[in-house]
There are 2 protein chains.
Amino acid sequence: MTLEFKSWMQDVQARMEQTLKTVLPAADHLPSQLHTAMRYSVLDGGKRVRPLLAFAAGAVVDASPDRLQYVGAAVELIHAYSLVHDDMPAMDDDVLRRGKATCHIAFGEASALLAGDALQTAAFDILTSCTLADEPRDQLKMVNILARASGSLGMCGGQGVDLYSVGQALSLPELEQMHGLKTGALIRAAVMLASYCGVAISDEDRGRLDYYAQCIGLAFQVVDDVLDEEADSATLGKTAGKDAANNKPTYVSLLGLAAAKQKAAELKAEALAAIAPFGEKARGLVLLADFIVERTN
Amino acid sequence: MTLEFKSWMQDVQARMEQTLKTVLPAADHLPSQLHTAMRYSVLDGGKRVRPLLAFAAGAVVDASPDRLQYVGAAVELIHAYSLVHDDMPAMDDDVLRRGKATCHIAFGEASALLAGDALQTAAFDILTSCTLADEPRDQLKMVNILARASGSLGMCGGQGVDLYSVGQALSLPELEQMHGLKTGALIRAAVMLASYCGVAISDEDRGRLDYYAQCIGLAFQVVDDVLDEEADSATLGKTAGKDAANNKPTYVSLLGLAAAKQKAAELKAEALAAIAPFGEKARGLVLLADFIVERTN
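Reading guide: rules and limits
- Starting from 1, residues in each chain are numbered consecutively following that chain's sequence as written.
- Both sets of labels track the order of writing: A upward for chains, 1 upward for ligands.
- It should be noted that, the model being predicted, local features are given only for residues of pLDDT at least 70 and side-chain atom pairs only at 80 or more, the latter also being counted only at that level, while totals for whole chains, interfaces and linings use all residues.
- Heavy atoms from the whole structure form the basis of all side-chain values; hydrogens and water molecules are not counted.
- Throughout this description, the term nonpolar core refers to a set of buried Ala, Val, Leu, Ile, Met, Phe, Trp, Tyr and Cys residues connected via side-chain atoms within 4.5 Å.
- For every residue, the accessible area obtained with a 1.4 Å probe (protein chains only) is divided by the maximum for its type, and the residue is called buried under 20%, exposed over 50%, and partly exposed between those limits.
- It only takes one pair of heavy atoms within 4.5 Å for two residues to be counted as in contact.
- The buried area of a pairing is the accessible area, by a 1.4 Å probe, that goes missing from both parts when the two are put together, added over both.
- For this analysis, a salt bridge means a side-chain nitrogen from Lys or Arg found within 4 Å of a carboxyl oxygen belonging to Asp or Glu.
- Definition of a polar contact: a pair of N or O atoms within 3.5 Å, with one able to donate and the other able to accept a hydrogen when the atoms are protein atoms, and with sequence-neighbouring residues admitted only if both atoms are side-chain atoms.
- Strands here mean DSSP runs of E at least two residues long; helices mean DSSP runs of H or I at least four residues long; both are numbered from the N terminus.
- Throughout, the ten residues Ala, Val, Leu, Ile, Met, Phe, Trp, Tyr, Cys and Pro are labelled nonpolar, Asp, Glu, Lys and Arg are labelled charged, and all others, Gly among them, are labelled polar.
- What counts as an axis is a line fitted to C-alpha atoms, over the stretch in contact for a helix, and the angles between N-to-C directions run from 0 to 180 degrees.
- Throughout, the term roughly parallel applies to angles under 35 degrees, roughly antiparallel to angles over 145, roughly perpendicular to angles from 65 to 115, and oblique to all others.
- Each crossing gets its handedness from the near helix: less than a right angle anticlockwise from the far helix is left-handed, clockwise is right-handed.
- Least squares is the method used to superpose the copies, on C-alpha atoms of residues holding a pLDDT of at least 70 in both.
- Patches here are clusters of residues that have more than 30% relative accessible area and form no salt bridge, with a 9 Å joining cutoff for like charges and a 5 Å cutoff for nonpolar side chains (Val, Leu, Ile, Met, Phe, Trp, Tyr).
- We get accessible surface area from the Shrake-Rupley algorithm with a probe of 1.4 Å; when it comes to residues, only the shown protein chains can shield them.
- Just so you know, the count uses Lys and Arg for positive and Asp and Glu for negative, and it drops His and the chain ends.
- For charged residues, the charge sits on one atom: NZ in Lys, CZ in Arg, CG in Asp, CD in Glu.
- Here a pair means two rings of Phe, Tyr or Trp (six-membered ring of Trp) with centres within 6.5 Å. Their orientation is stacked below 30 degrees between planes, edge-to-face above 60, and tilted elsewhere.

Draft legend 1. Up close: the nonpolar core. Of all hydrophobic cores here, the largest spans 205 residues; its most connected members are L53(A), L146(A), L285(A), L53(B), L146(B) and L285(B). When residues no more than four places from it in sequence are discounted, the contact partners of L285(B) are L53(B), A56(B), A57(B), V60(B), L209(B), Y212(B) and I275(B).

What follows is the structure, encoded as structure tokens:
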């Protein structure tokens, strides 16, 4: 990781922490248990990969960081809500997330249920609370993109496919479809939303950003599976080896470790080829692709 | 109930059923278990009070039913998601809703969790999928109103206050605050959203609609408590007497039965006074106020 990239990443992460602190209701605001659980589940944790992607994509369209921080916050809150609910006993029944107790362990199941619900709502609140695109019509489109990416035909649908396929042998295309929904849809949304925050671009250029996001989203999941196979819980900050223990299909179980690593590298190359025409403006996206594929947790 | 009102109500209910059937993904769309659970939780049930309020308020601003049906659907999906999650074991642990098994009883807890999540998202999808106000800026405002009304400072917050106050003695103002959030906020949102779908109106007139909605929302809850005290489960379509059994404070437990009925009547009178200046255009709102306060289930 270059010093320049590390410094940019830390700047965005610090800005996001500050934004998230501001947009979430104060912990002492009634009902304070709910707001405490919401803040616990969002603040002080996570790599903020989706906001980083929003900032890097926003640079391609010269978008203002003052807009991108709210796009990043909205997408991050959707991500956080999905983790809170996914960790609950009815779903993955996990006790550790980002190195700390999961929300329902810390606050009880009822609070985790409500906190997840309210974090989702907060995302749509943030996306409509101030001007994020020059044209209100474009901002409406942004809300629609986030909703489509998050709902039963996007992220939540992917969690359903994952849930209903436990114990079933998924083919590689089925696994890709599941991850395309479960993780990929929201990563694409982060990039697509940012693409509306700056100067107008052609459909072709937006398609380039979208293709980059698709490849990176899939690569992200492949790397996740590789890390889940190789790393231990302390490095990951969550329970390692869980998918294998649950007999869930992964890229590693379907392809083997070496081919999975190869696949991640190929996806990165495709992503970079798609955004090559943007030149220097896509520098953040290039460095992020490296970061996502080379990460160790 | 006049024949004219009954016929209008049935028309709106039939139109809403059709709209909800159309906006929800087909049951055979992947993941079909999730979409089946979503449709089960929304279709063929409920009085559609919030959509009825949206249609009646929309008449005041000459709004097109083609817009109001989507406003009604969005608000109804938020309501339906809150019921699905509220019925879960971690919350109210209820087995009966609208005369049928609750979602988690019929489909399991994981599906109920995801179905509720995806129903919430679908509301924001619907509200941004087609033109619902003449100005995109107004439609953005509508999305924001729905988000604020649904989130931790609105409906979801009210559920939190309800949850955290179990076994505690609430005062009448605290009870009103809880219900103002838990039920009132979404009822106000139904009316406010509709007010942006037609011709422009003054802030004063919008305030009149809002005050009507506040009074009716509170009256709705007072009547709920009265019915919960008086009716049996077969008439209600849900478990009767649950609040009393759980030692939850109600208007009846705080005021007594006669005074609670009196309060509902007073709230109705206040609501009607607020919209009197709209004359014949507010006829639907007047009849709905009667319906909500005089209902028996």
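Following the structure, the description resumes.
Draft legend 2. Expanded view of the interface of chain A and chain B. Contacts between chain A and chain B engage 46 residues on the former and 46 residues on the latter. The junction of chain A with chain B conceals about 4100 Å² of combined surface from both sides, 70% of it contributed by carbon and sulfur atoms. Remark: the boundary between chain A and chain B carries two salt bridges. Between R148(A) and D125(B) there is a salt bridge, and its shortest N-O distance comes to 2.9 Å. At the surface where chain A touches chain B, the tally comes to 20 residue pairs in polar contact (both at pLDDT 80 or more). Contributions of two or more residues to the side of chain A that touches chain B are made by α2 (32-42), α4 (65-86), α6 (109-126), α7 (136-150) and α8 (155-164) of chain A. The leading source of residues in the side of chain A that touches chain B is α6(A), at eleven residues. Of the residues belonging to the side of chain A that touches chain B, the class tally is 23 nonpolar, 18 polar and five charged.

Draft legend 3. Representation of the packing of helix α10 (residues 203-230) of chain B against helix α14 (residues 257-275) of chain B. Residues and elements named next belong to chain B. Where α10 meets α14, the closest approach of the two axes is 8 Å, and the angle between their N-to-C directions is 160°. Compared by their axis directions, α10 and α14 come out roughly antiparallel. As for how α10 packs across α14, the hand of that crossing is left-handed. Taken together, the residues of the contact of α10 with α14 break down into 18 nonpolar, no polar and six charged.

Draft legend 4. Fine view of the relation of the copies chain A and chain B. Superposition record for chain A on chain B: RMSD 0.0 Å, screw rotation 180°, translation along axis 0.0 Å. Read as a symmetry element, the transformation amounts to a two-fold axis. When C-alpha positions in chain A are compared against the rotation axis, the closest is assigned to P136(A), at 2.8 Å.

Draft legend 5. Inspection of unusual backbone geometry at higher detail. Each neighbour pair has its own omega, and for L30(A) with P31(A) the value is -5°, a cis peptide bond. Tracing the chain through its elements places P31(A) in the loop between α1 (3-23) and α2. Of note, the phi angle at D62(B) is positive, near 55°, even though the residue is not glycine. Note on placement: D62(B) falls in the loop between α3 (49-60) and α4 (65-86). What makes D62(B) partly exposed here is its relative accessible area of 48%.

Draft legend 6. Summary view of a negative patch on the surface. A cluster of acidic side chains, namely D93(A), E109(A), D93(B) and E109(B), defines a negative patch on the protein surface. Mapped onto the elements, D93(B) comes out in the loop between α4 and β1 (96-97).

Draft legend 7. Layout of the environment of F220(A). All names here are of chain A. Its location among the elements puts F220 in helix α10 (residues 203-230). In this structure, the C-alpha to C-alpha distance between F220 and I187, residues 33 residues apart in sequence, is 9.5 Å. Contacts of F220, omitting those with residues within four sequence positions, involve V49, R50, T183, I187, I292 and R295.

Draft legend 8. Looking closely at the side chain of S195(A). Mapped onto the fold, S195(A) is located in helix α9 (residues 172-195). Side-chain polar atoms of S195(A) contact the backbone oxygen of M192(A), separated by 2.6 Å.

Draft legend 9. Quick peek at helix α2 (residues 32-42) of chain B. Within α2(B), burial applies to L34(B), H35(B), A37(B), M38(B), R39(B), S41(B) and V42(B). Buried-residue contacts for α2(B) involve α8 of chain A together with α1 (3-23), α4, α5 (103-107) and α6 (109-126) of chain B. Downstream of α2(B) by a residue or two, D44(B) has a phi angle that is positive, lying close to 60°.

Draft legend 10. Inspection of the packing of aromatic side chains at higher detail. Under the counting rule described, the total for this entry stands at seven aromatic pairs over all chains. Note on F5(B) and F291(B): the rings are 5.8 Å apart at their centroids and 50° apart in plane angle, and the pair reads as tilted. Residue F5(B) is located in helix α1, and its partner F291(B) is located in helix α15 (residues 283-294); the two are separated by 286 residues in the primary sequence. The pair formed by F5(B) and F291(B) is uniform in burial state, with each residue classed as buried. Through successive ring pairs, a cluster of aromatic residues spans F5(A), W8(A) and F291(A).

Draft legend 11. Broad picture of the environment of E280(A). Tracing the chain through its elements places E280(A) in the loop between α14 (257-275) and α15 (283-294). Taking the C-alpha atoms as reference points, E280(A) and K47(A), 233 residues apart in sequence, are found 24 Å from one another.

Draft legend 12. Quick peek at the side chain of S82(B). Residues and elements named next belong to chain B. Along the chain, S82 turns up in helix α4. Among the residues examined, S82 registers a relative accessible area of 7% and is labelled buried. Looking at S82, its side chain comes within polar contact range of the main-chain oxygen of H79, at 2.8 Å. Setting aside residues up to four positions removed in sequence, S82 forms contacts with M155 and Q159.

That's the geometry; what it means functionally is another story.
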